[in-house]
Amino acid sequence: MSAFNAIGEERDIDREEFTAGNEPQPTWCPGCGDFGVLKALKQALPEVGRTPEEVLTVTGIGCSGKLNSYLDTYGFHTIHGRSLPVARAAKLANDGLEVIAAGGDGDGYGIGGNHFMHTARENHDMTYIVFNNEVFGLTKGQTSPTSPKGHKSKTTPHGNAKSPIRPLSLGLTSGATYIARTAAVNPNQAKEIIAEAIEHDGFAHIDFLTQCPTWNKDARQYVPYVDVQESDDYDFDITDREEAQDMMFEAENALHEGTVLTGRFFVDERPSYQEQKKDLGEMPREPLAERYFDDDAEWERSYDLLDRHK
Ligand SMILES: Cc1ncc(C[n+]2csc(CCOP(=O)(O)OP(=O)(O)O)c2C)c(N)n1
Ligand code: SF4
Ligand SMILES: [Mg+2]
């Protein structure tokens, strides 16, 4: 758990460095699963040797969107469903940043679903954590894209007529190269999965089950959970797309039938968007943002580019 500082000295990183000084105490409800994500992140970041100034956390709108108020990294609280385009832009401008995007199930699989699909397809190098509590928590418990069929809420008083989205399968078919599901009730696994996702070069998607005891009392609290890597009942190859797809399909069905299957579902080594752009010579090897501080850097202005294409 050590890192090198700006002048190259090695130093230990303490997870408390990630506690925000101005808002150290989250205002989430008691028992909220969002605490689990925050805790797992604070444990995983030092474990993979990242310091607060190396990380950018970009969030959407929702209870989940408060994450970066409580995590002392660079932060950008965007608008509803738009964490991913902002995260992509930041990563393209400064490839040296460790970018973590986060938001709720409504934010990421509903209003921001299009961004999710295409950020996965393009394999942008970042970690995307979806706090999946199966409701719109912040706005008081409306039915969301992951609410099960039959779910009753103020917006579906007679029961939800729609089938829930399949988040893991959607990540796979869209092109994510690391896909996992974990739960706030499983802190060790959550920490390990977040650490792996951060280390992964490419788009890492974590469907993080976060219970909402305030507005989703009908939902299971995601216990007991089964770790598909630990259990003898499951044996599949996470690098095999077809086997991963079958396992995801089973996990998505099982969640609403009373079994919480968690773990790693898919890993692929396809090069990230950033790496491909560098190989094509369309993106500098050093972070673009560093040129801003370099007096000798030669800038290619947009009007120069236009000239070149006349
Ligand atoms: C464009 C837009 N539409 C609607 C809203 C209202 N709104 C705020 S949060 C939210 C849903 C939050 O649900 P989710 O993304 O699942 O996050 P959670 O609160 O459950 O963590 C909605 C609909 C908004 N802020 N902006
Ligand atoms: S409303 Fe639900 S999701 Fe929001 S803070 Fe409370 S328990 Fe958590
Ligand atoms: Mg939600």
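Keep in mind that what you see is a predicted model, and the values were worked out from it rather than measured.

Q: For the overall build of the protein, give the residues involved together with the corresponding values.
A: What the protein contains, in helices and strands, is ten helices and twelve strands. Relative to the 2.2 N^0.38 estimate, which gives 19 Å for 310 residues, the radius of gyration of the protein is 20 Å and therefore close to what a compact globule would have. The 310 residues of the protein split such that 51% are buried. Intrachain contacts of the protein at a sequence separation of at least 6 include 69% that bridge at least 24 residues. In the structure as shown, the protein presents an accessible area of about 15,000 Å², 51% of it carried by carbon and sulfur atoms. Distance from the positive charge centre (30 side chains) to the negative charge centre (52 side chains) of the protein: 9 Å.

Q: Please provide a residue-by-residue account of the nonpolar core, values included.
A: If you look at the biggest cluster of nonpolar residues, it comprises 32 residues, and the most contacted ones within it are L41, L45, I129, I194 and F208. Put simply, the parts of the chain that give this core at least two residues each are helix 1 (34-47), helix 2 (67-70), strand 5 (98-104), strand 6 (126-132), strand 9 (178-183), helix 7 (187-199) and strand 10 (203-209). Sequence-distant contacts of L45, defined by excluding residues within four places in its chain, comprise F18, R50, V55, L71, I100 and I198. If you look at the next biggest cluster of nonpolar residues, it comprises 30 residues, including A87, V99, I179 and F266.

Q: Quick one: what's the story with the UniProt feature "domain: Thiamine pyrophosphate enzyme TPP-binding" (unreviewed entry) in the protein, residue by residue and with numbers?
A: Residues annotated in UniProt with the feature "domain: Thiamine pyrophosphate enzyme TPP-binding" (unreviewed entry) correspond here to residues 61-208. A distance of 16 Å separates the end C-alpha atoms of residues 61-208, which is 36% helix and 23% strand.

Q: I'd love a proper account of helix 3 (residues 83-93), names of residues and values included.
A: Of the positions making up helix 3, those classed as buried are S83, L84, A87, R88, A90 and K91. Taken around the axis of helix 3, the buried residues stretch over an arc of 165°, which confines them to a single face.

Q: If you had to explain the coordination of the magnesium ion (ligand 3) to someone new, which residues and values would you point to?
A: Each protein donor to the magnesium ion (ligand 3) is listed here as D105 (OD), N133 (OD1) and V135 (O); together their distances run 2.1 to 2.2 Å. Each donor residue of the magnesium ion (ligand 3) lies on one chain, and together they are spaced D-x27-N-x1-V. Highlighted residues: D105 in helix 4 (residues 105-111) and N133 in the loop between strand 6 and strand 7 (135-136), separated in sequence by 28 residues. Judged by relative accessible area, N133 falls into the buried class, the value being 9%.

Q: Let's hear about the packing of aromatic side chains: which residues, and what values?
A: A full pass over the atoms with the stated rule returns seven aromatic pairs. With a centroid separation of 5.4 Å and 85° between ring planes, the pair formed by W28 and F35 is classed as edge-to-face. The exposure class of F35 is partly exposed, given its relative accessible area of 29%. Grouping aromatic residues by their ring pairs yields a cluster made of Y109, F116, Y128 and F203. The ring centre of F249 lies 3.8 Å from the NZ or CZ of R166, which sits over that ring.

Q: Tell me about the environment of Y225, and please be specific about residues and values.
A: Counting through the fold element by element, Y225 comes out in strand 11 (residues 225-227). According to the relative accessible area criterion, Y225 is partly exposed, its value standing at 32%. It is 26 Å that separates the C-alpha atoms of Y225 and G175, two residues lying 50 residues apart in sequence. Once you skip the residues sitting within four places of it in the chain, Y225 turns out to touch V185, N186, V260 and T262. Side-chain polar atoms of Y225 contact the side chain of N186, separated by 3.3 Å.

About the criteria used
- Residues numbered from 1 in each chain as written.
- Chains lettered and ligands numbered in written order.
- Predicted model: local features only at pLDDT ≥ 70, side-chain atom pairs only at ≥ 80, totals over all residues.
- Heavy atoms only, no water.
- Helix = DSSP H or I, 4+ residues; strand = E, 2+ residues; numbered from the N terminus.
- Rg over C-alpha atoms; globule rule 2.2 N^0.38 Å.
- Buried < 20%, exposed > 50% of the residue type's maximum accessible area, 1.4 Å probe, protein only.
- Contact = heavy atoms within 4.5 Å.
- Areas by Shrake-Rupley, 256 points an atom, 1.4 Å probe, with all protein chains shown as cover.
- Lys, Arg positive; Asp, Glu negative; His and termini not counted.
- Charge placed at Lys NZ, Arg CZ, Asp CG, Glu CD.
- Core = buried A, V, L, I, M, F, W, Y, C linked by side-chain atoms within 4.5 Å.
- UniProt positions renumbered as here; feature names shortened; annotations may be inferred.
- Arc of directions from axis to C-beta.
- Donors = N, O, S within 2.8 Å, 3.2 Å for Na, K, Ca; no water.
- Phe/Tyr/Trp six-rings, centres within 6.5 Å; stacked < 30°, edge-to-face > 60°.
- Lys NZ or Arg CZ within 6 Å of the ring centre and 35° of its normal.
- Polar contact = N/O pair within 3.5 Å; in protein donor to acceptor, adjacent residues only side chain to side chain.

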